[in-house]
Structure formats: structure tokens, C-alpha cells
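Single-letter residue listing:
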Amino acid sequence: WRGKPMAELISEIKKIVTRYNTKEIYFRDDNFFQRKERVKEFISCYKENGFTFKWRATCRANYFKRDYINVEFLKELESVNCKMLKFGFESGSQRMLDYLKKGNKVDTMRQLVRDLSEVKTIQGNYSFMIGMPGETFEEFKATLSFVRYLVRQDPGALIIGPQYFRVYAGGELYE
């Protein structure tokens, strides 16, 4: 993975903000948060340029770690108008997460929800799916149970699904 150089990204942002009076930007990049130093650089550039647009981004749940994305870091994101973080949780079953090669742990996802619920202006957006090959009824119920937990922990969360698992040609599960 190679992220776009920050100078180039900021130049593009300046152009669209100036040209279109942009109020919100969605960084649709699962790896936007892959490198903490890069995100810190983005935060600095956002402040240095006097940007005021709101923004949202996709994020991998396994980036939430005590030494990276935690409540303290979320407050930094909040200070630069981050309004939403989107996650593909997919399942409340560890076996299904492992099957999908998500690299997530159910306990980590629970901690992420608790951390995100502590900041007031960043909304969590979580997607789930059901019907994966080999998924048992108990695993299906584990996903529903996780969704219930999430809603209790963070009533302002946006839940997508659970939607039915779809196979895409060319993907590993398709083969």
C-alpha cells in the first residue's frame, strides 16, 4: 500500500474546497488510517490550511489499538471535524471473522464501540452480513447479539444490515 503523498492530497483538497465550496469530504479508502504518522500529518495540514469542511472515512477495526486509534486520538480527529468512521464489522462470530480473513477480534470490535461512544461528534457506521458459507445458526445469532450490544452502547450508531453475503467474481470466496 502506498498512500497518496500528503502534499498532493492537500493540493487536491484545496482545489475542490475552493472550486465547489465543499462542506464535507468522504475519504473512501480502507487504508486511510494505515499509518498513524500520515494521519497526524493530515491533522496538521487540516489545521494549517484553516479547513473547516466536515469529513468521514472508512477505517479498519484492527487499527484500534491502545497505541494508535484510541479515545485520545479520536478526540484529535474530532478537533478537525471528523464526523463519521465507517467499519465493515461483518460478523459477531470470531470463526466467521477468521473465515473472512478480516484480521479483527470480536473483543477489539467491542472496545472500538466503547471508545467511539466516548466522543460525541464522531458517529460510528457499522456494516454486518449474514449467510456466509458455513455460517451456523448460532453464529448468525452472535451477529445479531453484537448488533444489539452496539446499539445499547452507542444509540447514535448507524447500522448497515445485516445484509446477505454476496459473492463477487474474482474474489477468493468466489473461487
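Just so it is clear, the model here is predicted, and its values are computed rather than measured.

Caption draft 1: View of the packing of aromatic side chains. One pass over the structure, following the stated rule, counts 22 aromatic pairs. Plain terms: the ring middles of Tyr 46 and Phe 51 are 5.8 Å apart, the flat faces sit at 65 degrees to each other, and that makes the pair edge-to-face. Overall, Phe 51 belongs to the buried group, its relative accessible area being 10%. Aromatic side chains Phe 89 and Tyr 126 sit 4.9 Å apart centroid to centroid with 45 degrees between the ring planes, which places their arrangement in the tilted category. Remark: Tyr 126 occurs in strand S4 (residues 123–130) and Phe 89 occurs in strand S3 (residues 82–90); sequence separation between them is 37 residues. The rings of Phe 27, Phe 32, Phe 33, Phe 42, Tyr 46, Phe 51, Phe 53 and Trp 55 are connected pair by pair, giving a single aromatic cluster. The positively charged end of Arg 110 is found above the aromatic ring belonging to Tyr 149, 4.4 Å away from the centroid.

Caption draft 2: Just the side chain of Thr 22, in detail. By the secondary structure assignment, Thr 22 is in the loop between helix H1 (6–20) and strand S1 (24–27). Residue classification places Thr 22 among the buried positions, given a relative accessible area of 17%. One polar contact links the side chain of Thr 22 to the main-chain carbonyl oxygen of Ile 16, over a distance of 2.9 Å. In this structure, Thr 22 is in contact with Ile 16, Val 17 and Phe 53, ignoring residues within four places of it in sequence.

Caption draft 3: The arrangement of unusual backbone geometry in detail. With an omega of 5 degrees, the peptide bond between Gly 161 and Pro 162 qualifies as cis. In this fold, Pro 162 is placed in strand S5 (residues 158–164). We note that Glu 90 has phi near 70 degrees; this positive angle belongs to a residue other than glycine. Despite not being glycine, Lys 101 has its phi angle at roughly 60 degrees, a positive value.

Caption draft 4: Quick look at the pattern of salt bridges. Scanning the model with the defined rule gives six salt bridges in all. A salt bridge links Glu 24 to Arg 56, with the nearest nitrogen and oxygen atoms 3.0 Å apart. Here Glu 24, found in strand S1, pairs with Arg 56, found in strand S2 (residues 54–58); they are 32 residues apart in sequence, far enough to count as distant. Looking at Glu 24, the relative accessible area reads 41%, which means it is partly exposed. Lys 141 is the salt-bridge partner of Glu 138, the closest N and O atoms lying 3.2 Å from each other.

Each value, and the rule that gives it
Starting from 1, residues in each chain are numbered consecutively following that chain's sequence as written. Selection of residues for local features in this predicted model requires a pLDDT of at least 70, selection of side-chain atom pairs for listing and counting requires 80 or more, and totals for whole chains, interfaces and linings are taken over all residues. With hydrogens and water stripped out, all remaining heavy atoms of the structure feed into the side-chain values. Classification of ring pairs rests on two measures: the distance between centres of Phe, Tyr or Trp rings, Trp counted by its six-membered ring, which must be within 6.5 Å, and the angle between planes, read as stacked under 30 degrees, edge-to-face over 60 and tilted in between. Relative accessible area decides the class of each residue, using a 1.4 Å probe on protein chains only: under 20% of the type maximum gives buried, over 50% gives exposed, and in between gives partly exposed. Here a strand is any run of E in DSSP of at least two residues, a helix any run of H or I of at least four, and the numbering for each starts at the N terminus. Placement of a positive charge over a ring is assigned whenever Lys NZ or Arg CZ falls within 6 Å of the ring centre and within 35 degrees of the normal to the ring plane. Pairs of N or O atoms within 3.5 Å make up the polar contacts considered here, provided that, within protein, one atom can donate a hydrogen while the other can accept it, and that residues adjacent in sequence are counted only when both atoms are side-chain atoms. Working rule for contacts: check all heavy atoms of both residues, and any pair within 4.5 Å makes them a contact. Only one rule defines a salt bridge in this text: a Lys or Arg side-chain nitrogen within 4 Å of an Asp or Glu carboxyl oxygen.

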